[in-house]
Amino acid sequence: MTNRLKALSVHLLTATGTILSMLATLAAVNAQWSLMFLWLLFALLVDGVDGPLARRYNVKSNWPSYDGVLMDLIIDYLTYVFIPALALFNSGLLNGWIGWVTIFAVIYGSVIYFSDTRMKTKDNSFSGFPACWNMVVLVIFSVQPHWMVITIVMLGLVAAMFTNLKFIHPVRTERWRSLSLPIALLWTALAANVALQDFNAPTWVNWCLVLASIYLTFAGIAQQFFAKKSKNT
């Protein structure tokens, strides 16, 4: 297979995210939350694989007529933002006027964030929370905290999108990658486990999922803190 065909294959792999989005949406409409999250996890895996493949086969040069970045952003908005927001509201975990305000803040803030050319940092991390609502909402479904906790977490992360706080990319951020990547893979395995058990997993599984989520959320901020501390000493 030529490099051009390999590059085209990567674009086509990325495009499968649209099919996974539709399957997840159909599951959400029918309140099949476990199935919905499993489709979203498949989409997350595709999103984790297509980037390295795109760089390996240099898709910008070998098949430049398709914009892989634009395609990826469109699919990410569906799978990371829109479908999880829909699920959170329709599940009843966060409804009423507070639910409306929260999901509107999520979908509105996220589309602005996705269009911000400053969202990536020099070390391939994200500047501001990278709108990974698929991961946040899955943890919420797993733990099912009080609606007030959900609201504070969701709106707090919306605000965090528009800060200079750093959030790691488990694959592309080189610093601490030997720890971050295994934790990200562990998070995916735990997420699949709780979804397959229809969100009735043992307590220890939920706690492991929460702890992995805390690491992935705050690792980049911790890197910023230690970097500033080392400069001041």
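Basis of the calculations
Residues numbered from 1 in each chain as written. Predicted model: local features only at pLDDT ≥ 70, side-chain atom pairs only at ≥ 80, totals over all residues. Heavy atoms only, no water. Helix = DSSP H or I, 4+ residues; strand = E, 2+ residues; numbered from the N terminus. Rg over C-alpha atoms; globule rule 2.2 N^0.38 Å. Core = buried A, V, L, I, M, F, W, Y, C linked by side-chain atoms within 4.5 Å. Buried < 20%, exposed > 50% of the residue type's maximum accessible area, 1.4 Å probe, protein only. Contact = heavy atoms within 4.5 Å. Axes fitted to C-alpha atoms, helices over the stretch in contact; angles between N-to-C directions. Parallel < 35°, antiparallel > 145°, perpendicular 65-115°, else oblique. Left-handed = near helix turned anticlockwise from the far one by under 90°. Expected span 1.5 Å × (residues − 1). Polar contact = N/O pair within 3.5 Å; in protein donor to acceptor, adjacent residues only side chain to side chain. Nonpolar A, V, L, I, M, F, W, Y, C, P; charged D, E, K, R; others polar.

Novice: Run through the overall build of the chain, naming residues and quoting values.
Specialist: From N to C terminus, the chain includes 9 helices and 2 strands. When the elements of the chain are put in sequence order from the N terminus, they spell out α-α-α-α-α-β-α-α-β-α-α. Its C-alpha atoms give the chain a radius of gyration of 18 Å, within 12% of the compact-globule value 17 Å for 233 residues. Each of the three principal axes of the chain carries a C-alpha extent, and together these read 55 × 50 × 35 Å.

Novice: Can you tell me about the nonpolar core, naming the residues and giving the values?
Specialist: Ranked by size, the top nonpolar core spans 62 residues in total, and within it Met36, Phe37, Phe129, Trp133, Leu138, Met154 and Trp187 carry the most contacts. When contributions to this core are tallied by element, the ones reaching two or more residues are α1 (3-29), α2 (33-56), α4 (68-90), α5 (96-114), α6 (133-143), α7 (147-160), α8 (177-196) and α9 (203-232). When neighbours within four sequence positions are excluded, Met36 is seen to be in contact with Ala24, Ala27, Ala28, Ile83 and Ala87. The next biggest cluster of nonpolar side chains, apart from the first, holds 7 residues, and it includes Ala7, Leu8, Ala54 and Tyr57.

Novice: Now, about the packing of α6 against α8: what can you tell me, with residues and values included?
Specialist: One can describe the packing of α6 onto α8 by two numbers: an axis separation of 11 Å at closest approach and a directional angle of 45°. Regarding the angle of α6 to α8, the classification is oblique. Crossing angle aside, the handedness with which α6 passes α8 is left-handed. Mapping the contact onto sequence places Met135, Leu138, Val139 and Ser142 in α6 and Trp187, Ala191 and Val194 in α8.

Novice: Could you give me a rundown of α8, with the residues and numbers involved?
Specialist: For α8, with 20 residues, the first-to-last C-alpha span of 28 Å sits near the 28 Å given by 1.5 Å per residue. Turning to α8, its buried residues number three or more, namely Ser180, Ile183, Ala184, Trp187, Thr188, Leu190, Ala191, Val194 and Ala195. Immediately downstream of α8, the backbone of Asp198 shows phi near 55°, a positive value.

Novice: Can you explain the side chain of Ser125? Please cite residues and give values.
Specialist: Within the secondary structure, Ser125 sits in the loop between α5 and β1 (126-127). Among the polar contacts made by the side chain of Ser125, one reaches the side chain of Thr173 at a distance of 2.8 Å. In contact with Ser125, other than residues within four places in its own chain, are Met119, Lys120, Lys166, Phe167, Ile168, His169 and Thr173.

Novice: Run through the environment of Met135, naming residues and quoting values.
Specialist: Along the chain, the position of Met135 falls in helix α6. Sequence separation of Met135 and Leu5 is 130 residues, and the distance between their C-alpha atoms is 33 Å. If sequence neighbours within four positions are ignored, Met135 has contacts with Trp187 and Leu216.

Novice: Would you mind going over α4 in detail, with residue names and values included?
Specialist: Here α4 contains 23 residues, and its C-alpha end-to-end distance of 32 Å stays within 8% of the 33 Å for a straight helix at 1.5 Å per residue. For α4, the capping residue at the N-terminal end is Asp67, with a side-chain oxygen 3.1 Å from the backbone nitrogen of Val69.

Novice: With reference to specific residues and values, describe the packing of α2 against α8.
Specialist: Relative orientation of the contacting elements α2 and α8 amounts to 160°, with a least axis distance of 9 Å. Taken as axis vectors, α2 and α8 run roughly antiparallel relative to one another. Between α2 and α8 the crossing geometry is left-handed. Counted together, Ser34, Phe37, Leu38, Leu41, Leu44 and Leu45 of α2 and Trp187, Thr188, Ala191, Ala192, Ala195 and Leu196 of α8 form the full contact between these two elements. For the contact of α2 with α8, the residue count by class is 10 nonpolar, 2 polar and no charged.

Novice: Describe in detail unusual backbone geometry, supporting the description with residues and values.
Specialist: Phi at Gln144 is positive, roughly 50°, even though this residue is not glycine. Secondary-structure assignment places Gln144 in the loop between α6 and α7. Given a relative accessible area of 48%, Gln144 falls into the partly exposed group. In this structure, Phe199 is a non-glycine residue whose phi angle is positive, near 60°. Here Phe199 falls in the buried class, since its relative accessible area comes to 10%.

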